[in-house]
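Chain by chain, the residues run as shown.
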Amino acid sequence: MDLHGGNIHRLQREGKEVLDYSSNINPLGVPQKFIEKAIQNFSSLSQYPDIDYIELREKIADYNQVSRENILVGNGATEILFLYIRALRPKKTLLVGPCFAEYARALKTVESEICLFPLKEEENFILNVEALISEIQKEDYDLVLLCNPNNPTGRFIPLEELKKLVAVIEEKQIQLFIDEAFIEFVESWKKKTVALLKSKSVFILRALTKFFAIPGLRLGYGMTWNADLFSRMQEEKEPWSVNVFANLAGLTMLEDEEYIRKTEDWIREEKKYFHQELSKISEIKVYETETNFILLQLLSKEAREFQAAMIEKGILVRDASNFPFLNEYYIRLAIKDRVSNQKVIKAIQEILKKGERV
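The structure presented is a predicted model; accordingly, all values stated were derived computationally and were not measured.

### Things to note about the sheet that holds strand β4 (residues 113-118)
Right, so step 1: What the 7 strands build is an open sheet, ordered β2-β8-β7-β6-β5-β3-β4; its pairing is mixed. The outermost strands of the open sheet, each flanked by one partner alone, are β2 (71-74) and β4. On average, adjacent strands in this sheet sit at an angle of 20° to one another, irrespective of strand direction.
Right, so step 2: Alignment of strand β3 (residues 92-97) against strand β5 (residues 143-147), held across 3 bridges, turns out to be parallel.

This is the structure we're talking about:
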């Protein structure tokens, strides 16, 4: 199995054209305003980007109502993650899972001891903050790492709960890394982000990849209020890792209010519709989500078998069985446009042969 699930390029090389539901990308596609800007600025490829990315960092800072000095940009969120881990070099890390596989890979590069804290199925994968705090207080961790909203469960930790966690993190004088790559799909997210706390003990990871549909361009950023950590990350960073077009994308898309509004309208409606329709299928358990993907538990087929059957119907889904704490019966579905979602629902019904609940 691929580390990150289905490989659309491999299927295409095999001559299979499929609808990709394994990748959680905005179905509205690349913003038209950026496409137009890119065409107008094609000659800028002959220039190096600003090595300090001043204008881009200011735009991101304005978008988040923070200071430019809080922003570090990179070649996708993954570069920022690896930079952070190399700069911090934690000896012992508590990793909340199931979660993105690159967290563990980054931690292994500095030989950090990795301990796992489970999001439990019997609690519908909702983080038990009190239990997490208890674990942090028992052991000598240097770093606690979690994803909010969580990938692959789609669950979101309210800011009031995170305040309790941050208070303990600050008291213990350790660090908290929060991946908010999918937070823009959460309704009213600017009132719910942990960035509002502006804590020196908290580092926040963001990506433009998902919301603005530019995974092929690579643009991510981190937010920190720890000047020493920021300096160490800058020392680790390779120069010019954000190319001219990625820089232009950030400058253009973050002020594209029409695209942002359309995306927010789409996810609010389609998330509700897709969850309701999937919940009518008797052979799956559907978990609540606050972002642009949905976790399912198959009740009668293993994920690998189900994935193969869906590919035969021209749809690639994410076999989620390689996430920590998930077994061979879990899959993850992206949420896309209404027509595509209806096609997926019909395919699932046909494969499971149980139809809808009466």
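### Here's the deal with a nonpolar patch on the surface
Right, so step 1: On the surface, Val30, Ile35 and Ile39 cluster together to form a nonpolar patch covering roughly 250 Å² of accessible area.
Right, so step 2: Along the chain, Ile39 turns up in helix α2 (residues 32-40).
Right, so step 3: Using a relative accessible area of 63% as the deciding quantity, one classes Ile39 as exposed.

### Here we look at the side chain of Thr193
Right, so step 1: On the secondary structure map, Thr193 appears in the loop between β6 (175-179) and β7 (202-207).
Right, so step 2: The buried category is assigned to Thr193, whose relative accessible area is 4%.
Right, so step 3: One polar contact links Thr193 to Glu180, side chain to side chain, over a distance of 2.9 Å.

### Here we look at the packing of helix α4 (residues 77-88) against helix α5 (residues 101-108)
Right, so step 1: Where α4 meets α5, the axes come as close as 9 Å, and the angle between the chain directions of the two elements is 35°. Of the two elements, α4 crosses α5, and the hand of that crossing is right-handed. Every residue of α5 that contacts α4 at Thr78, Leu81, Phe82 and Ile85 is listed here: Glu102, Tyr103, Arg105, Ala106 and Leu107.
Right, so step 2: Grouping the amino acids of the contact of α4 with α5 by side-chain chemistry returns 6 nonpolar, 1 polar and 2 charged.

### What about the UniProt feature "domain: Aminotransferase class I/classII large" (unreviewed entry) in the chain?
Right, so step 1: As recorded in UniProt, the feature "domain: Aminotransferase class I/classII large" (unreviewed entry) lies at residues 17-348.
Right, so step 2: Summarising residues 17-348: 38% helix, 18% strand, and an end-to-end C-alpha distance of 18 Å.

### Observations concerning the domain arrangement of the chain
Right, so step 1: Its domain assignment divides the chain into domain 1 (8-27 + 258-352) and domain 2 (32-255).
Right, so step 2: Summarising the inter-unit geometry, the C-alpha centres of domain 1 and domain 2 are found 25 Å apart.
Right, so step 3: In this assembly, 27 residues from domain 1 lie in contact with 32 residues from domain 2.
Right, so step 4: Both faces considered, domain 1 and domain 2 share a buried interface measuring about 2,500 Å² in area, 65% of it formed by carbon and sulfur atoms.
Right, so step 5: Linking domain 1 to domain 2 there are 1 salt bridge.
Right, so step 6: Our enumeration of links across domain 1 and domain 2 arrives at 7 residue pairs in polar contact (both at pLDDT 80 or more).

### Things to note about the packing of aromatic side chains
Each pair of aromatic rings is reported with the distance of its centres and the angle of its planes.
Right, so step 1: As enumerated under the stated definition, the model contains 16 aromatic pairs in all.
Right, so step 2: Seen from their ring centres, Tyr84 and Phe177 are 4.9 Å apart, and the 55° between their planes marks the pair as tilted. With a gap of 93 residues between them, Tyr84 in helix α4 and Phe177 in strand β6 connect regions that are remote in the sequence. We note that Tyr84, like Phe177, is buried.
Right, so step 3: Considering the side-chain rings of Tyr84 and Phe203, the 4.7 Å spacing of their centres and the 35° angle between planes classify their relative orientation as tilted. Linking Tyr84 in helix α4 with Phe203 in strand β7, this pair joins segments that are 119 residues apart in sequence. Phe203 matches Tyr84 in its accessibility class, with the two residues each being buried.
Right, so step 4: Each member of the aromatic cluster is reached from another via a ring pair, and the members are Phe185, Phe211, Phe212, Tyr259 and Trp266.
Right, so step 5: One cation-aromatic arrangement involves Arg332 over Phe293; the distance from NZ or CZ to the ring centre is 5.6 Å.
Right, so step 6: Positioned over the ring face of Tyr21 is Lys336, at 5.6 Å from the centre of the ring.

### With respect to the pattern of salt bridges
Right, so step 1: Under the definition given, this model contains 21 salt bridges.
Right, so step 2: Where Asp256 meets Lys33, a salt bridge forms, and the shortest distance between an N and an O atom there is 3.7 Å. Residue Asp256 is located in the loop between α9 (244-253) and α10 (257-278), and its partner Lys33 is located in helix α2; the two are separated by 223 residues in the primary sequence.
Right, so step 3: For Lys33, a relative accessible area of 40% puts it in the partly exposed group.
Right, so step 4: One salt bridge in this structure joins Arg261 and Asp265, with 3.6 Å as the shortest N-O distance. Here the residue Arg261 and the residue Asp265 both occupy positions in helix α10, the gap between them amounting to 4 residues, near one helical turn.
Right, so step 5: The exposure class assigned to Arg261 is partly exposed, which follows from its relative accessible area of 43%.
Right, so step 6: Judged by its relative accessible area of 31%, Asp265 falls in the partly exposed class.
Right, so step 7: Overlapping salt bridges bring together Glu58, Arg68 and Glu69 as one network.

### Comments concerning the pairing of β5
Right, so step 1: Summarising burial for β5: 5 of the 5 residues are buried, a large majority.
Right, so step 2: Bridging between β5 and β6 involves 5 bridges; their strand directions are parallel. When the sheet's bridge partners are listed, Leu146 is paired in β6 with Ile178.
Right, so step 3: One crossover worth recording links β5 to the parallel β6 by way of helix α7 (residues 159-172), and it is right-handed.

Calculation notes
Residues numbered from 1 in each chain as written. Predicted model: local features only at pLDDT ≥ 70, side-chain atom pairs only at ≥ 80, totals over all residues. Heavy atoms only, no water. Pairing = 2+ DSSP bridges. Helix = DSSP H or I, 4+ residues; strand = E, 2+ residues; numbered from the N terminus. Axes fitted to C-alpha atoms, helices over the stretch in contact; angles between N-to-C directions. Patch = residues over 30% accessible without salt bridge, like charges linked within 9 Å, V, L, I, M, F, W, Y side chains within 5 Å. Areas by Shrake-Rupley, 256 points an atom, 1.4 Å probe, with all protein chains shown as cover. Salt bridge = Lys/Arg side-chain N within 4 Å of Asp/Glu carboxyl O. Buried < 20%, exposed > 50% of the residue type's maximum accessible area, 1.4 Å probe, protein only. Polar contact = N/O pair within 3.5 Å; in protein donor to acceptor, adjacent residues only side chain to side chain. Left-handed = near helix turned anticlockwise from the far one by under 90°. Contact = heavy atoms within 4.5 Å. Nonpolar A, V, L, I, M, F, W, Y, C, P; charged D, E, K, R; others polar. UniProt positions renumbered as here; feature names shortened; annotations may be inferred. Domains from an automatic or database assignment. Buried area = accessible area lost by both parts, 1.4 Å probe. Phe/Tyr/Trp six-rings, centres within 6.5 Å; stacked < 30°, edge-to-face > 60°. Lys NZ or Arg CZ within 6 Å of the ring centre and 35° of its normal. Right-handed = clockwise from strand over helix to strand, strands pointing away.

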